[in-house]
Amino acid sequence: SPEGVAVTPSGGTVYVAETGQYQVIAVNASTGTETPVTVGPYPQDVAVSPAGSQVYATVTGSDSGPGGSDVVAVISTATNTVARDITVGPAPRQVVFSPDGSRAYVTTETGVAVIDTASGQVVRTIPDPAGPQGIAVSPDGKTLYVTNPNADGLWVINAASGQVAARIPAGAEPYAVAVSPDGSQVYVTDMNSDSVSVLATATLHTVATVPVGRLPGSVAVTPDGSQVWVGNNLTGNISVINPATDTVSATISGGSGTATLLAAPLGIAFSKAG
């Protein structure tokens, strides 16, 4: 069951977290050749560094309590092997790099781990007992947006200080989060209301609620900001939102027959055409 997905800056390699297994799969985008990289039990998410030299994979483990995993595996893209593990906290979930690549931010069962990528060390842990899941960073690298599904809220965090600037309501079970390329809007999937909350970063107020498919669990904004793609886990399709109108402009479906959770679009990433 592949879940997290990320693409190198060149678009040459796609990395996929095989959540039901122990591997991240490196896929050559031109040939489709797959190279498995063993990272540990049940990796949930992957992120490629801005320079394209490393991939961070969250090794969530089969148990969020004692005996579960607490590491991020660092994969070298040059060799597609694990260079090291970084201990971050119990059941790491989502990971994102700062725009300059100097930091990586990882949500865990108990907070957000901040990694200095040069040293490979956790330099700060931001406590979040509500159990954070999704995480996104603003284009200027100054702000983190973190979803708390169990608390129906979104945390806004100062990336430099680690201080929580705001805790705001964000629909019913907010899960995934993405920021527009200009930093003006934040998009949060609300799984229990089958919708996406659109928040203005200037005011931190919800400016629109967009109905989508059932159980939306992934979201990504196209690099030019013209579309917002939302993966609907239960209906097995993708809702494409027009940010100019905050309405669904298209629905993308794949395969045939009745979509099930096994056909759910659990991760979305964009690559250069060609």
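Residues numbered from 1 in each chain as written. Predicted model: local features only at pLDDT ≥ 70, side-chain atom pairs only at ≥ 80, totals over all residues. Heavy atoms only, no water.

## A closer look at the overall build of the protein chain
- Across its full length, the protein chain carries 0 helices and 24 strands.
- Over its C-alpha trace the protein chain gives a radius of gyration of 17 Å, about what one expects of a compact globule, namely 19 Å for 274 residues.
- Its C-alpha atoms put the protein chain at 45 × 45 × 35 Å along the principal axes.
- Once local pairs closer than 6 in sequence are excluded, the contacts in the protein chain between residues at least 24 apart make up 36%.
- Here the protein chain displays about 11800 Å² of accessible surface, and carbon together with sulfur accounts for 50% of that area.
- Charge-centre separation for the protein chain: the mean point of 8 positive side chains lies 8 Å from the mean point of 19 negative side chains. (Helix = DSSP H or I, 4+ residues; strand = E, 2+ residues; numbered from the N terminus. Rg over C-alpha atoms; globule rule 2.2 N^0.38 Å. Contact = heavy atoms within 4.5 Å. Areas by Shrake-Rupley, 256 points an atom, 1.4 Å probe, with all protein chains shown as cover. Lys, Arg positive; Asp, Glu negative; His and termini not counted. Charge placed at Lys NZ, Arg CZ, Asp CG, Glu CD.)

## Some remarks on the pairing of strand S19 (residues 195-200)
- By the criterion of burial, S19 is predominantly enclosed, with 6 of the 6 residues buried.
- Burial of S19 is two-sided: the residues Ser 195, Ser 197 and Leu 199 facing one way and the residues Val 196, Val 198 and Ala 200 facing the other way are all buried.
- Turn length for the strand S18 (residues 185-190)-S19 hairpin, with the two strands adjacent in sequence and antiparallel, is 4 residues, and the turn residue Asp 194 shows positive phi of about 50 degrees.
- One ladder, built from 6 bridges, connects S19 with strand S20 (residues 205-211); its direction is antiparallel. Residue pairing for S20: Ser 195 is matched across the bridge by Pro 211. (Buried < 20%, exposed > 50% of the residue type's maximum accessible area, 1.4 Å probe, protein only. Pairing = 2+ DSSP bridges.)

## Examining the sheet that holds strand S12 (residues 121-127)
- If you walk across this open sheet you meet the 4 strands as S9-S10-S11-S12, and the pairing is antiparallel. At either end of the open sheet lies a strand with only one pairing partner, and these are strand S9 (95-97) and S12. The average angle at which neighbouring strand axes cross in this sheet is 20 degrees, direction not considered. (Axes fitted to C-alpha atoms, helices over the stretch in contact; angles between N-to-C directions.)

## Here's the deal with the sheet that holds strand S14 (residues 143-148)
- Within the open sheet, the 4 strands sit side by side as S13-S14-S15-S16. Their pairing is antiparallel. The open sheet terminates on both sides in strands that have one partner only, identified here as strand S13 (135-137) and strand S16 (164-169). When strand polarity is set aside, the average angle formed by the axes of neighbouring strands in this sheet is 20 degrees.
- Sheet topology note: the S13/S14 ladder contains 3 bridges and is antiparallel. Bridging across to S14, Val 137 finds its partner in Leu 144.

## Focus: the packing of aromatic side chains
- Counted under the stated rule, the structure contains 3 aromatic pairs.
- Seen from their ring centres, Trp 229 and Phe 270 are 5.3 Å apart, and the 80 degrees between their planes marks the pair as edge-to-face. Of this pair, Trp 229 sits in strand S22 (residues 228-232) while Phe 270 sits in the segment after strand S24 (247-253); the two residues are 41 residues apart in sequence, bridging distant segments of the chain.
- Residue class for Phe 270 comes out partly exposed when judged on its relative accessible area of 26%.
- In this structure, Arg 167 packs its charged tip against the face of Trp 155, placed 4.4 Å from the ring centre. (Phe/Tyr/Trp six-rings, centres within 6.5 Å; stacked < 30°, edge-to-face > 60°. Lys NZ or Arg CZ within 6 Å of the ring centre and 35° of its normal.)

## Here's the deal with unusual backbone geometry
- Notably, Tyr 42 is not glycine yet its phi reads approximately 60 degrees, a positive angle.
- Inspection of the secondary structure assignment puts Tyr 42 in the loop between strand S4 (34-38) and strand S5 (43-48).
- One non-glycine residue, Ala 91, lies in positive phi territory at about 50 degrees.
- Summarising the element assignment, Ala 91 is placed in the loop between strand S8 (81-87) and S9.

## Overview of the confidence of the model for the protein chain
- Overall, the predicted model of the protein chain reaches an average pLDDT of 93, with 94% of residues at or above 70.
- Here residues 258-262 is modelled with pLDDT under 50, and outside its nearest four sequence neighbours on either side it reaches 6 contacts, counting other chains as well. (pLDDT = per-residue confidence, 0-100.)

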